[in-house]
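Coordinate analysis (summary)
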There are 2 protein chains.
Amino acid sequence: MTAALFRTLIAIALCCIACAAHRDARARTMQQVLDASSASDWRRPDPQHTLYMDLDGGRVVIELAPQFAPLHAANIETLVRAHYFDGLAILRVQDNFVTQWGDPDAATPGKARPFGQASRTLAPEFERVIDKSLAFTPLPDGDVYAREVGFSHGFPAARDRKAGKAWLTHCYGMVGAGRDNGADSGPGAELYVVIGQEPRQLDRNIALVGRVLQGMELLAALPRGTGAMGFYEQAAQRVPIRSIRIEADVPAAERTPLEVLRTDTPTFAALVESRRNRDDAWYQFKAGRISLCNVPLPVRKAAAPAP
Amino acid sequence: MTAALFRTLIAIALCCIACAAHRDARARTMQQVLDASSASDWRRPDPQHTLYMDLDGGRVVIELAPQFAPLHAANIETLVRAHYFDGLAILRVQDNFVTQWGDPDAATPGKARPFGQASRTLAPEFERVIDKSLAFTPLPDGDVYAREVGFSHGFPAARDRKAGKAWLTHCYGMVGAGRDNGADSGPGAELYVVIGQEPRQLDRNIALVGRVLQGMELLAALPRGTGAMGFYEQAAQRVPIRSIRIEADVPAAERTPLEVLRTDTPTFAALVESRRNRDDAWYQFKAGRISLCNVPLPVRKAAAPAP
């Protein structure tokens, strides 16, 4: 090989490396990011902390967040295992706010469904202490309500390092435990899900207990209640709940195995970037920013059934 | 009257004044703010720029925003007056994003409904120049996407004074003119409304043309489409539009007279404050902040029919 040929080959090789790097550095669409993801970018929600709410219209899958609300998750699981929710109903759908379900007779002595081994009051879990066990992937663009926002164990969250506290945030699809005026009055027997613009004023005021992974359209497309706060005025308007079960208790053949994109990986960082600056000919103006509740948290069918 | 009695009476009077001032300075609930509002705190949307979209389920009332999208407002009004929308349908409902309506045969030569005198393309109205005619009431708590946000002529908006530009923002209930890749390809024949978390990445990318004042539940509670981007896959799933009319063209007896709270008054400032810090025993933690799309824009039935 002559020195000239050698130099030419080196130049070509360097050019190829530069081209590849350039291609890699280009913004990608979310779909391209997901297509390039590997199996380790995804996680299986814990079947012990995943709920199936079966309605006539289909199944809603909810991942509980024991990292933030361990007492509530445990109490809800106790209620579920006692079949507390089976045959109860969706009672309230308030437009641009929440869909809520529970016992329509909860306030009627003698008619209210018994709690069994579950607690009627629970210590508030509106925020938690930041410690080493708490993962947190911060977002770069700020937030109106909190000092810092990002994702923790797959959930949208906020934290205040000065105060040493972190909390889940009221984004679309987040599930919380309704309460009365008492801070301890929301044991998880009455649950709600956010179906509109983020009601962030509720953050740190109520226990968020998880997130809907699948079936939001079954909760968000319901007729709005015409009573105060969107409660259904007639019993016949309520949407019956066939059952709520814990995934681990459901026979394998009846499960809905899902995978959720991890929020602590380079792939997730690439996804966030793909949404901050849309690499799509349609966009004339790239925002260059993204707010917490606008970051999608992709869910897909699991390739294989749960082990 | 003795001097002592006089001094006592003065003390009582001063105490009463102080108490009243204290009561006044206390945060109020939104309802208290609205109850204390005067007639001049409210405005009547211009019947020349207000649309009635009549569906089988009821009426949707839309206020157009000619201050921000004069060409689009005029073109939509031309289409409406030519009965362009009558008998067309809602074609797309994408969960946590938009409901969209127009001509299902728009892309089929020979079947597409004719535009008549209306334009097929329009200059983009994604933002406008700031000038003295543009009212703007800023909000105090910042925004993730824009330098400054607030309300302009009753609509949620953002501005960049350095760039000299202002634009409407994608909050729940805002209505826009769908477009293809061409910036001029959205003449207002295909309209959408935001039904979920604010898709602010669309700001400055598409012409927002107005806001739904009444009837959001008719658009937000529809079954989600199962096709790509939430389009209905079957023609039978589409939701027919009986008609879209301009309020001014509708006989007085068939009108839906509404009033909207002005956004440039001390009453509106008090309303914003009532939502930044909720004066309600339920709230353990007052946010002390509010984001643009969480500020409610109250609408009520007009006391008397339109003049």
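About the cut-offs
- Residues numbered from 1 in each chain as written.
- Chains lettered and ligands numbered in written order.
- Predicted model: local features only at pLDDT ≥ 70, side-chain atom pairs only at ≥ 80, totals over all residues.
- Heavy atoms only, no water.
- Helix = DSSP H or I, 4+ residues; strand = E, 2+ residues; numbered from the N terminus.
- Buried < 20%, exposed > 50% of the residue type's maximum accessible area, 1.4 Å probe, protein only.
- Pairing = 2+ DSSP bridges.
- Axes fitted to C-alpha atoms, helices over the stretch in contact; angles between N-to-C directions.
- Contact = heavy atoms within 4.5 Å.
- pLDDT = per-residue confidence, 0-100.
- Least-squares fit on C-alpha atoms with pLDDT ≥ 70 in both.
- Disulfide = S-S within 2.5 Å.
- Salt bridge = Lys/Arg side-chain N within 4 Å of Asp/Glu carboxyl O.
- Polar contact = N/O pair within 3.5 Å; in protein donor to acceptor, adjacent residues only side chain to side chain.
- Core = buried A, V, L, I, M, F, W, Y, C linked by side-chain atoms within 4.5 Å.
- Phe/Tyr/Trp six-rings, centres within 6.5 Å; stacked < 30°, edge-to-face > 60°.
- Lys NZ or Arg CZ within 6 Å of the ring centre and 35° of its normal.

A closer look at unusual backbone geometry
All names here are of chain A. You will see that Asn96, though not glycine, has its phi angle at about 60 degrees, which is positive. As for its placement among the helices and strands, Asn96 is situated in the loop between strand E4 (89-93) and strand E5 (98-102). For Asn96, a relative accessible area of 22% puts it in the partly exposed group. In this structure, Arg204 is a non-glycine residue whose phi angle is positive, near 70 degrees. Relative to the helices and strands, Arg204 resides in the loop between strand E12 (191-194) and strand E13 (207-214).

What about the sheet that holds E4 of chain A?
The pairing of strands in a sheet comes from backbone hydrogen bonds and takes either a parallel or an antiparallel form. Residues and elements named next belong to chain A. A barrel is described by the order of its strands in space; here eight strands give the closed sequence E2-E3-E13-E11-E12-E5-E4-E14, paired in antiparallel fashion. Strand-to-strand twist in this sheet, taken as the mean axis angle between neighbours without regard to direction, amounts to 35 degrees. Two strands pair when backbone bridges link them, and E4 and E5 are joined in this way by four bridges, in the antiparallel orientation. When the sheet's bridge partners are listed, Ala89 is paired in E5 with Gly102. The strands touched by helix H3 (residues 70-81) within the sheet are strand E2 (50-55), strand E3 (58-64), strand E11 (174-177), E12, E13 and strand E14 (239-246), with E14 carrying the most contacts at an inclination of about 110 degrees.

Here's the deal with the sheet that holds strand E15 (residues 258-261) of chain A
All names here are of chain A. Taken in spatial order, the three strands of this open sheet run E1-E15-E16, and their pairing is antiparallel. Bordering the open sheet on either side are strand E1 (42-43) and strand E16 (299-301), each of which pairs with just one other strand. In terms of strand pairing, E15 meets E16 through three bridges, oriented antiparallel. What sits directly across from Glu259, in E16, is Arg300.

A short note on the confidence of the model for chain A
Within chain A, residue pLDDT values average 92, and 90% of them lie at 70 or more. Under the prediction, the complex receives an ipTM of 0.91, its pTM being 0.91.

A look at the relation of the copies chain A and chain B
Overlaying chain A on chain B yields an RMSD of 0.0 Å, the required transformation being a rotation through 180 degrees with an accompanying axial translation of 0.0 Å. What we have between these two chains is a two-fold relation. A share of 100% of interface residues in chain A that are also interface residues in chain B marks the association as one of identical surfaces.

A word on the state of the cysteines
All names here are of chain A. If you walk through the whole model with that rule in mind, you get two disulfides over all chains. Disulfide partner of Cys171: Cys293, at an S-S distance of 2.0 Å. Since a negative S-S torsion denotes a left-handed disulfide, the Cys171-Cys293 link at about -75 degrees is left-handed. Taken as a pair, Cys171 in the loop between strand E10 (165-168) and E11 and Cys293 in the loop between helix H5 (266-276) and E16 lie far apart in primary sequence, 122 residues in all. With relative accessibility at 10%, the residue Cys293 sits in the buried group.

Quick notes on the pattern of salt bridges
Residue and element names in this part refer to chain A. Taken as a whole and assessed by the stated rule, the structure comprises 42 salt bridges over all chains. Notably, a salt bridge pairs Arg204 with Glu127, separated by 2.9 Å at the nearest N-O pair. Pair noted here: Arg204 is in the loop between E12 and E13 and Glu127 is in the loop between E5 and strand E6 (128-129), with a separation of 77 residues, a long-range link. Judged by its relative accessible area of 29%, Glu127 is partly exposed. A salt bridge links Arg147 to Asp160, with the nearest nitrogen and oxygen atoms 3.2 Å apart. Here Arg147, found in the loop between strand E7 (137-138) and strand E8 (148-152), pairs with Asp160, found in strand E9 (residues 155-160); they are 13 residues apart in sequence, far enough to count as distant.

Description of the side chain of Glu148 of chain A
Position of Glu148 of chain A relative to the elements: it lies in strand E8. Engagement of the side chain of Glu148 of chain A in a polar contact is seen with the side chain of Arg159 of chain A, the distance being 2.7 Å.

With respect to the nonpolar core
By size, the foremost hydrophobic cluster in this structure holds 40 residues, and its most contacted members are Phe85, Ile90, Trp101, Val209 and Leu219 of chain B. Excluding anything up to four places from it in sequence, Phe85 of chain B contacts Leu79, Val80, Trp101, Arg113, Gly188, Ala189, Leu191, Ile241 and Ile244 of chain B. By size, the runner-up hydrophobic cluster in this structure holds 39 residues, among which are Ala65, Phe268 and Val295 of chain A together with Trp282 of chain B.

Some thoughts on the packing of aromatic side chains
Taken as a whole and assessed by the stated rule, the structure comprises eight aromatic pairs over all chains. Ring geometry for Tyr84 of chain A and Phe115 of chain A: centres 5.3 Å apart, planes at 65 degrees, overall edge-to-face. With Tyr84 of chain A in the loop between H3 and E4 and Phe115 of chain A in the loop between E5 and E6, this pair connects stretches of sequence that are 31 residues apart. Here the aromatic rings of Trp282 of chain A and Tyr283 of chain A are separated by 5.0 Å at their centres, their planes lie at 80 degrees, and the arrangement is edge-to-face. Each member of the pair Trp282 of chain A and Tyr283 of chain A is classed as buried. Against the face of Phe115 of chain B rests Arg120 of chain B, its NZ or CZ located 3.9 Å from the ring centre. Between the NZ or CZ atom of Arg204 of chain B and the centre of the ring of Trp167 of chain B, over which it lies, the distance is 3.8 Å.

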